Amino acid sequence: MTQRVVITAGASGIGLEMARNFAADGARVWVSDIDAGAVSALPDGIRGTVVNVADEAAMAGFFSGVEADWGGLDVLCANAGVKGPTARIEDIALNEWRSCTAVNLDGAFLAAKFAAPMMKRARSGAMIFTSSTAGLYGYPSRAPYSAAKWAVIGLMKTVAMELGPFGVRSNAIAPGSVEGPRMEAVLVAEAKAKGMTRDQVYEGYAKGTSMQSFVEARDVANMAVFLASDAARLVSGQVIAVDGHTVNPDPQV
Ligand code: NAD
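First, a word on scope: everything that follows refers to the structure included in this document. (Residues numbered from 1 in each chain as written. Predicted model: local features only at pLDDT ≥ 70, side-chain atom pairs only at ≥ 80, totals over all residues. Heavy atoms only, no water.)

Next up on the list: the nonpolar core. Judged by nonpolar contacts, the single largest core of 33 residues is most densely connected at Val6, Phe63, Leu73, Leu76, Met127 and Phe129. Secondary-structure elements contributing two or more residues to this core are helix 3 (56–70), strand 4 (75–78), helix 4 (94–122), strand 5 (125–130), helix 5 (143–163) and strand 6 (168–175). If one sorts the elements of this core by residue count, helix 4 sits on top with 10 residues. Aside from chain neighbours lying at most four places away, what touches Phe129 is Ala78, Ala108, Ala112, Val152, Leu155, Met156, Val159, Ser170, Asn171, Ala172 and Ile173. Core analysis: the next-biggest nonpolar cluster, separate from the first, contains 28 residues, Met18, Leu42, Val178 and Val215 among them. (Core = buried A, V, L, I, M, F, W, Y, C linked by side-chain atoms within 4.5 Å. Buried < 20%, exposed > 50% of the residue type's maximum accessible area, 1.4 Å probe, protein only. Helix = DSSP H or I, 4+ residues; strand = E, 2+ residues; numbered from the N terminus. Contact = heavy atoms within 4.5 Å.)

Structural data, given as structure tokens:
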């Protein structure tokens with residue numbers, strides 16, 4: 001059967017790559033994103049709606065629209081995240097903490113909350129949460145991001161336990177440093193905070209992995225398609241790192 005796939009923050013970056021991969025695999029794909037311009041520029045065949053993942057009413061409306069139009073949902077990629085502030089713990093304001101966790105954690109919660117009833121009813125489905133290697137280690141100068149990405153793993157494991165008896169699987173992907181505009185912003189912010197050049201920070205991250213490499217968005221998207229497929233029918237409650245094997249999560253310090 002044709003998979004019906006929802007991807008939050010799917011109009012650019014990793015989410016768009018996931019959307020392209022699922023669509024190429026024959027799935028029906030509907031992305032949500034806060035960026036109206038990016039939504040209007042989506043490739044043909046990928047449907048999009050402007051939604052802020054942290055807005056409960058907007059998320060409720062979006063998922064009711066999915067249910068009304070599609071009659072159900074097979075795959076949820078709860079992918080939205082923002083990098084949050086780059087600063088030491090004592091310099092982070094509570095409102096900066098909250099705006100970071102609101103997208104990374106509340107957004108994942110709301111997506112799972114509204115997707116769960118459809119999947120439970122169908123007694124099948126797969127949820128895929130985008131965590132990060134920051135959710136497997138600490139991340140100096142990125143406390144709210146790291147805390148939220150760890151929390152996403154607790155959410156994913158709980159969803160796996162609650163929904164497993166209903167035939168619904170739940171997994172998380174932990175990407176390493178992914179080439180693209182998001183990581184460029186991180187490199188520039190960290191270089192400034194640490195008194196280094198952008199290239200030194202880049203090299204440090206690449207050399208902090210066994211594969212000595214950054215990740216590409218398609219590497220993460222390929223894992224999402226696998227986790228959603230029948231080939232992964234008994235894979236649930238897992239965090240799969242797509243990171244070239246992080247061996248030093250903070251190579252600059
Ligand atoms: P990105 O910064 O390129 O943003 C992707 C999309 O998110 C954009 O289209 C943006 O409009 C949308 N977005 C931002 N805030 C939103 C909100 N409140 N509601 C809905 N959409 C929103 O991000 P990315 O690099 O593609 O990252 C995707 C996911 O992967 C995030 O959860 C991120 O934390 C995680 N991740 C990224 C990296 C990396 O190196 N880029 C590494 C590990 C994990």
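Our next topic: the site of the ligand. Of all residues adjacent to the ligand, which total 27 residues, the nearest are Ser12, Ile14, Asp33, Asn79 and Tyr145. Contact distances for the ligand include 3.0 Å between a nitrogen atom and a backbone N or O atom of Val53. One of the side-chain nitrogen or oxygen atoms of Lys149 is found 2.8 Å away from an oxygen atom of the ligand. Burial of the ligand by the protein chains amounts to 89% of its free accessible area of 830 Å². Going through the elements one at a time, helix 1 (13–24), helix 4, helix 5 and helix 6 (181–194) are the ones with two or more residues in the shell around the ligand. (Near = heavy atom within 4 Å. Polar contact = N/O pair within 3.5 Å; in protein donor to acceptor, adjacent residues only side chain to side chain. Areas by Shrake-Rupley, 256 points an atom, 1.4 Å probe, with all protein chains shown as cover.)

Quick look at the side chain of Ser177 now. Note on placement: Ser177 falls in the loop between strand 6 and helix 6. A residue is classified by how much of its surface remains accessible, and Ser177, at 16% relative accessible area, is buried.

Attention now moves to unusual backbone geometry. Despite not being glycine, Ala9 shows a phi value in the positive range, around 55°. Its location among the elements puts Ala9 in the loop between strand 1 (4–8) and helix 1. With a phi angle near 70°, His245 is a residue other than glycine that sits in the positive phi range. With respect to the secondary-structure elements, His245 resides in the segment after strand 7 (239–242). Residue classification places His245 among the partly exposed residues on the basis of a relative accessible area of 48%.

So, on to the pairing of strand 4. Burial along strand 4 is two-sided: the residues Val75 and Cys77 and Leu76 and Ala78 are all buried. In this sheet, strand 5 lies alongside strand 4 in parallel orientation, the contact comprising 4 bridges. Counterpart to Leu76 in the pairing with strand 5 is Met127. Each parallel crossover has a hand, and for strand 4 linked through helix 4 to strand 5 it is right-handed. (Pairing = 2+ DSSP bridges. Right-handed = clockwise from strand over helix to strand, strands pointing away.)

In this model, helix 4 (29 residues) spans 40 Å end to end at C-alpha, consistent with the 42 Å of a helix rising 1.5 Å per residue. Following helix 4 by one or two positions, Arg123 has its phi on the positive side, about 55°. (Expected span 1.5 Å × (residues − 1).)

We now examine the environment of Asp74. Counting through the fold element by element, Asp74 comes out in the loop between helix 3 and strand 4. Looking at Asp74, the relative accessible area reads 15%, which means it is buried. Considering only alpha carbons, one finds Asp74 and Pro43, 31 residues apart in sequence, at a separation of 21 Å. In terms of polar contacts, Asp74 uses its side chain to reach the backbone amide nitrogen of Arg4, at 2.8 Å.

With that settled, the discussion passes to the side chain of Thr101. Mapped onto the elements, Thr101 comes out in helix 4. A relative accessible area of 14% places Thr101 in the buried class. The residues touching Thr101, leaving out its near neighbours within four places in the chain, are Asp106, Pro144 and Ala148.

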